[in-house]
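Structural characterization, general
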Amino acid sequence: MSRLNLPDHDDENPVLQASLLYERNGLSVIPVHERDKNPVGKWKIRQTTRNTVAELTVAFRGSGSMLNVGIVTGAISGELVVLDVDPRD
């Protein structure tokens, strides 16, 4: 298994660190609200354009633990696909 490249950033915010890690490894990262999957702000542009390191830093540094990391699937994130299975019975 290959190791992911850790971001060169000394911030103590683990959510910011995770967002920078995912961005560095080619994923389109968006901030989402802490206790749900709803994005903060408009996200559809992130299907074609990724947030910059500066944009992610601004979004996640000021939020403390109030945000989580979301990943936009599809071509922008290397054809990433997610299968969400919720067995009911």
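Everything discussed here concerns the structure shown above.
So, here is what we can say about the structure in this document. Bear in mind the structure is a predicted one, so any value in this text is a computation, not a measurement.

**What about the overall build of the protein?**
Secondary structure summary: the protein contains two helices and two strands in total. The linear arrangement of helices and strands in the protein, starting from the amino end, is α-β-α-β. Counting all 89 residues of the protein, 29% fall into the buried class. For the protein, the computed accessible surface area is about 6500 Å², with 54% contributed by carbon and sulfur atoms.

**Concerning the side chain of Ser 77**
Here Ser 77 shows up in the segment after β2 (67-72). Ser 77 gets classed as buried once you look at its relative accessible area, which sits at 5%. At 2.5 Å, the side chain of Ser 77 and the backbone oxygen of Val 72 are in polar contact. Sequence-distant contacts of Ser 77, that is, excluding residues within four places in its chain, are made with Gly 26, Leu 27, Ser 28, Ile 71 and Val 72.

**With respect to the side chain of Asn 51**
Within the secondary structure, Asn 51 is located in the loop between β1 (28-33) and α2 (53-61). The class of Asn 51 is buried, set by a relative accessible area of 10%. Within the structure, Asn 51 has its side chain in polar contact with the backbone oxygen of Val 29 (distance 2.8 Å). If we ignore the near neighbours within four places in the chain, the residues touching Asn 51 are Glu 23, Val 29, Ile 30, Pro 31, Arg 46 and Leu 56.

**Topic: α2**
Along an α-helix, residues three or four apart share an orientation, since each turn contains 3.6 residues. All of the buried residues along α2 are Leu 56, Thr 57 and Phe 60. One side of α2 holds all its buried residues, which, seen down the axis, span an arc of 100 degrees. Exposed residues lying more than 90 degrees from the buried face of α2 are Ala 54 and Val 58. Buried residues along α2 sit against α1 (14-24), β1 and β2.

**What about the packing of α1 against α2?**
Running from N to C, α1 and α2 point in directions that differ by 160 degrees, and their axes come no closer than 9 Å. Comparing their axes, α2 and α1 come out roughly antiparallel. Of the two possible hands of crossing, α1 and α2 adopt the one that is right-handed. Taken together, the residues of α2 that come into contact with α1 (itself represented by Val 15, Leu 16, Ser 19, Leu 20 and Glu 23) are Val 53, Leu 56, Thr 57, Phe 60 and Arg 61.

**Some details on the environment of Val 40**
Counting through the fold element by element, Val 40 comes out in the loop between β1 and α2. Beyond its immediate sequence surroundings of up to four residues, Val 40 is in contact with Pro 31, Val 32, His 33 and Leu 67.

About the thresholds
Residues numbered from 1 in each chain as written. Predicted model: local features only at pLDDT ≥ 70, side-chain atom pairs only at ≥ 80, totals over all residues. Heavy atoms only, no water. Helix = DSSP H or I, 4+ residues; strand = E, 2+ residues; numbered from the N terminus. Buried < 20%, exposed > 50% of the residue type's maximum accessible area, 1.4 Å probe, protein only. Areas by Shrake-Rupley, 256 points an atom, 1.4 Å probe, with all protein chains shown as cover. Polar contact = N/O pair within 3.5 Å; in protein donor to acceptor, adjacent residues only side chain to side chain. Contact = heavy atoms within 4.5 Å. Arc of directions from axis to C-beta. Axes fitted to C-alpha atoms, helices over the stretch in contact; angles between N-to-C directions. Parallel < 35°, antiparallel > 145°, perpendicular 65-115°, else oblique. Left-handed = near helix turned anticlockwise from the far one by under 90°.

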